[in-house]
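# Fold and contact review
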Amino acid sequence: MELHKLTLLEAFQGLRDKKFTSHQLTEACFEQIKKYDDKIKAYLTLNEAEAYTQADAADQKIAKGESLHPLEGIPVAIKDIFCTTNLRTTSASKILENYVPPFDATVVKILREAGAVILGKTNLDEFAMGGSTENSGFWPTSNPWDYSRVPGGSSGGSAAAVAADMGFYSLGTDTGGSIREPASFCGISGLKVSYGRVSRYGVMAMTSSLDTIGPFGKNVADIAMIMEYLAGPDSKDATTPPVVVDNYSEEIKQDIKGLKIGLPKEYFVEGMDEGVRQTVLNAAKKFEELGAEVIDISLPHTDLAVAAYYVICPSEVSSNMARFDGMRYGLSKRDGKDLLDIYLDSRREGFGAEVKRRIMIGTYALSAGYYDAYYKKAMQVRTLVRQDFEEAYKQVDIILTPVAPAPAYKLGEKIGDPLAMYLEDVFTIPASLAGLCGLSIPAGLVSELPVGIQLLGKRFDEKTILRAGHQFQLATDYHLAKPELK
Amino acid sequence: MKLSQEEVEHIAKLARLRVTSEETEKYAGQLSGILEYVEKLAAVDTANIEPTSQVTGLTNVTREDEIIESGISEELVACAPQHQDGYVVIPKIFENK
């Protein structure tokens, strides 16, 4: 049996049936990592010793006949933006190259207490700023389907790790598309939760009003199971309202007869890849076969979302990055002549180009005399984008769109042109501004590269998009396609 | 909005970033491109539109004002590049005249 290829639910069942041990599952993942990760480079830091300790603890409980947490003994990869006690956490930034946090992010604490096996920390665009993982301060990650292409980003390492069976599931973050786009590029499932559904405590802030935490999985049923444990209010994150957490694994079993799915005309634009367009339309047909009703809708302010995002995001970035001053943690260059030199030299050496660009755009947008023209205007446009969705959801239950205008592009192709990179997020950003949830699932191959579809749900209605995604996967086998690793 | 190299230098100074003159030139082009793109917001009529700063609908989330020990004060201070006796060491800010 090729243990690394199992899904989370298969691993869950097999542990209980004593078909294999957690130690064997962990070993299978590390063997896969040793075989392929020198080419894919999904991981920044491995946690081998602790992982085996965690696995052996789970195996001992099984041997004694004790009951297990559903996530217990199952190996997971974690994006290196989540703080992990005694495990280096860099955010893929040189400024935190040697940072070892003394505390766990709330979701990491949940996983540790569940007895999960933490394999290691995965690569990302520095502080989650980017869409290709090329902005990592350490190295770019390759797409497991074609090593010359990007895995998407910013959670590219977490997506590539699951796509290459170097972990059963993983954690990522999504601010403007950072889970949905890499899930699409790597041919796996990924969920961006509604803003506030999962605690952000202990996850380094990029755009505080938009940042969300979510899982990548090999299928939607796995994601539904994980979400039951990740979701919910946290006293350490004041933006998590006490909204009831659904029993996602049960909810997804219902069929989708009569479900109303909106197809927004603004998401089928001039210049998008013909294969991608066809993939989404084929998926719509499949949903109709499953009993859903597909309805044409309009989200008229879609075209403004990217512009609003690239004011709001850098503005919040410029504020969030101010904490890196070389005083309390991280890189500190102290050979200059005064305090100002410490700031300037530490930040110069510690931050990469994209981080500096966003800090400068944000500083400019928030500087005296420009606030109304940029930040306030962008927040008003954010209202218009949000209202578009509110109107649409009076008519439909979920919205179906492409994830990205084209499949994964080549490493280096867009790195010199930040604006071209930003426009890759055109289909994922609007839902982020509205705080909605979005699920990205594989829906076919175009030129031998995976292409995903995006299902957008109302705030806190994760259960409906997960249900539609799961029913789609029961009726199709796109999610079973795996890259041929070399 | 076209940014001059002087403006980029000024923004970098405000943002506590040190940039070389070559970088200033590169950033002037890239930042101008981004700002030109976001200019499209200016054409939108937002006269009576409330800004959305967050979407939770929550306001003034509070808790009882009681002390909860983190239990990791020493470890947190130990993260600082320089620390002594449980304090973070920073360079002096004021000079004796």
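Parameters at a glance
- Residues numbered from 1 in each chain as written.
- Chains lettered and ligands numbered in written order.
- Predicted model: local features only at pLDDT ≥ 70, side-chain atom pairs only at ≥ 80, totals over all residues.
- Heavy atoms only, no water.
- Helix = DSSP H or I, 4+ residues; strand = E, 2+ residues; numbered from the N terminus.
- Rg over C-alpha atoms; globule rule 2.2 N^0.38 Å.
- Buried < 20%, exposed > 50% of the residue type's maximum accessible area, 1.4 Å probe, protein only.
- Contact = heavy atoms within 4.5 Å.
- Polar contact = N/O pair within 3.5 Å; in protein donor to acceptor, adjacent residues only side chain to side chain.
- Pairing = 2+ DSSP bridges.
- Axes fitted to C-alpha atoms, helices over the stretch in contact; angles between N-to-C directions.
- Salt bridge = Lys/Arg side-chain N within 4 Å of Asp/Glu carboxyl O.

### Quick look at the overall build of chain A
When you go through chain A residue by residue, the secondary structure sums to 16 helices and 11 strands. A compact globule built from 486 residues would reach a C-alpha radius of gyration of about 23 Å, and chain A, at 21 Å, matches this within 12%. Projected onto its principal axes, the C-alpha positions of chain A cover 65 × 55 × 45 Å. When each of the 486 residues of chain A is scored for burial, the buried share is 67%. The contacts of chain A with a sequence gap of at least 6 include a subset with a gap of at least 24, amounting to 76%.

### Observations regarding unusual backbone geometry
Residues and elements named next belong to chain A. In this chain, G153 is followed by S154 through a cis amide linkage whose omega measures 10 degrees. Unlike most non-glycine residues, T133 shows phi in positive territory, near 70 degrees. Inspection of the secondary structure assignment puts T133 in the loop between β3 (117-122) and α5 (156-163). Positive phi is not limited to glycine here, since S447 has a value of about 50 degrees.

### Some thoughts on the environment of E126 of chain A
All names here are of chain A. Locating E126 in the fold gives a position in the loop between β3 and α5. Take E126: its relative accessible area is 3%, and that puts it in the buried class. Between the C-alpha atoms of E126 and V381, which are 255 residues apart in sequence, the distance is 27 Å. Filtering out sequence-adjacent residues up to four positions away, E126 remains in contact with S91, A92, S93, N135, S136, G350, F351, G352 and V355. A distance of 2.7 Å separates a polar atom in the side chain of E126 from a polar atom in the side chain of S93.

### Overview of the sheet that holds strand β11 (residues 449-457) of chain A
All names here are of chain A. With respect to topology, 11 strands assemble into an open sheet ordered β1-β3-β2-β4-β6-β5-β10-β11-β9-β7-β8, the strand pairing being mixed. Strand pairing shows two members of the sheet lacking a second neighbour, β1 (43-46) and β8 (293-297), which therefore form its edges. For this sheet the average axis-to-axis angle between neighbouring strands, irrespective of direction, equals 30 degrees. Note: strand β10 (residues 437-446) against β11, 8 bridges, orientation antiparallel. Looking at β11, one finds that V446 is bridged to L449. The strands touched by helix α16 (residues 462-475) are β5 (189-192), β9 (398-402), β10 and β11; relative to β10, the strand with the most contacts, the crossing angle is about 20 degrees.

### Quick word on the pattern of salt bridges
Scanning the model with the defined rule gives 29 salt bridges over all chains in all. We note a salt bridge from E72 of chain A to K61 of chain A, for which the minimum N-O separation is 3.0 Å. With E72 of chain A in the loop between α3 (48-63) and β2 (75-79) and K61 of chain A in helix α3, this residue pair connects regions lying 11 residues apart in the sequence. Residue D345 of chain A pairs with R18 of chain B through a salt bridge whose shortest N-O separation is 2.9 Å. Taken together, the positions of D345 of chain A in helix α11 (residues 339-350) and R18 of chain B in the loop between α1 (5-14) and α2 (21-38) put the pair across two chains. For D345 of chain A, a relative accessible area of 19% corresponds to the buried category.

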